[in-house]
Amino acid sequence: MDAFIRSDQFNFIKSQTYHLINGHSTVNDTGVIQALKSVSKEKVLAVFKELSDSQSEMVKQVTEIKDQADAVLVLSQLKHYVIPFPEIPENRMKELFPKVKKLKFPVLKDIDRRDLSYLGWDDMGAHRKFIIFPEAGRLSGVAGDFMKSNTKGICSICNEYEKVGMFTTTIKDSEQHTIKRGNYICQDSMTCNQKMTSLYPLEEFMNRLRA
């Protein structure tokens, strides 16, 4: 069976396993447990537009999780079917950021591309962050200034409470004027990826930056 689960979908499935484990550890009523399993199955299946019978059966294994040992086994099986983020050669990265003269490339050798919904990295010296993300079947790139904050906040990409920084880009408002647009996002792009349970916030964030 080919890979069919996006990274954000896998994270959502993983989040449902925590709800199930918590339910089994705190609730004794079999009716309540059954209802919890039913709701989890409905939510997990809803994140996929279409599944074959075998794919559906594989995903529904999550609803049988009772404890941490079950979760480790089922999630490790499902991880094999997560679609890896595309490999991007350096010359392709340069094409995505044509205005950047000296592009600092990310170090990817120790990264499992199945953990990525987008690729983000920093040029610390220039206080810049670069993001490559999927868009309409292709890859797009956005570069912006990035100033870290000393406080936590809600990330515009993963919608979780984390250490954030202000990411801003400059776009042309007219022939004579430019404007800056941005918002707070996670300082650590890898942490952000691990907390993403939907692509929608990422898509909305990128649309607002370039609107």
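Structure: see above.
The notes below deal with the structure included here. No experiment lies behind these values; they were computed from the predicted model shown.

**Thoughts on helix α7 (residues 200–210)**
In an α-helix, one turn spans 3.6 residues, which is why side chains three or four residues apart end up on the same side.
So, point 1. Taken together, the buried positions of α7 are P201, L202, F205, M206 and L209. The buried residues of α7 occupy an angular sector of 130° when the element is viewed end-on, so they sit on one face.
So, point 2. Those residues of α7 hidden inside the fold are in contact with β2 (128–135), β3 (138–154), β4 (161–172) and β5 (178–186).

**A short note on the pairing of β4**
So, point 1. By the bridge criterion, seven bridges tie β3 to β4 in an arrangement that is antiparallel. Counterpart to D145 in the pairing with β4 is T168.
So, point 2. Taking the residues between adjacent antiparallel strands as the criterion, β3 and β4 are bridged by six residues, where N159 takes a positive phi near 65°.
So, point 3. Judged from the nine bridges that link them, β4 and β5 form a sheet pairing that is antiparallel. Across the sheet, the residue bridging to F167 is N183, located in β5.

**Structural notes on the sheet that holds β4**
So, point 1. Taken together, five strands build an open sheet; the order of strands is β1-β2-β3-β4-β5 and the sheet is antiparallel. Strands with a single pairing partner mark the edges of an open sheet, and in this sheet they are β1 (119–123) and β5. Neighbouring strand axes in the sheet, compared pairwise and without regard to direction, differ in orientation by 30° on average.
So, point 2. Across the sheet, α7 lies against β2, β3, β4 and β5, angled at about 160° from β5, the strand it touches most.

About the cut-offs
Residues numbered from 1 in each chain as written. Predicted model: local features only at pLDDT ≥ 70, side-chain atom pairs only at ≥ 80, totals over all residues. Heavy atoms only, no water. Buried < 20%, exposed > 50% of the residue type's maximum accessible area, 1.4 Å probe, protein only. Helix = DSSP H or I, 4+ residues; strand = E, 2+ residues; numbered from the N terminus. Arc of directions from axis to C-beta. Contact = heavy atoms within 4.5 Å. Pairing = 2+ DSSP bridges. Axes fitted to C-alpha atoms, helices over the stretch in contact; angles between N-to-C directions.

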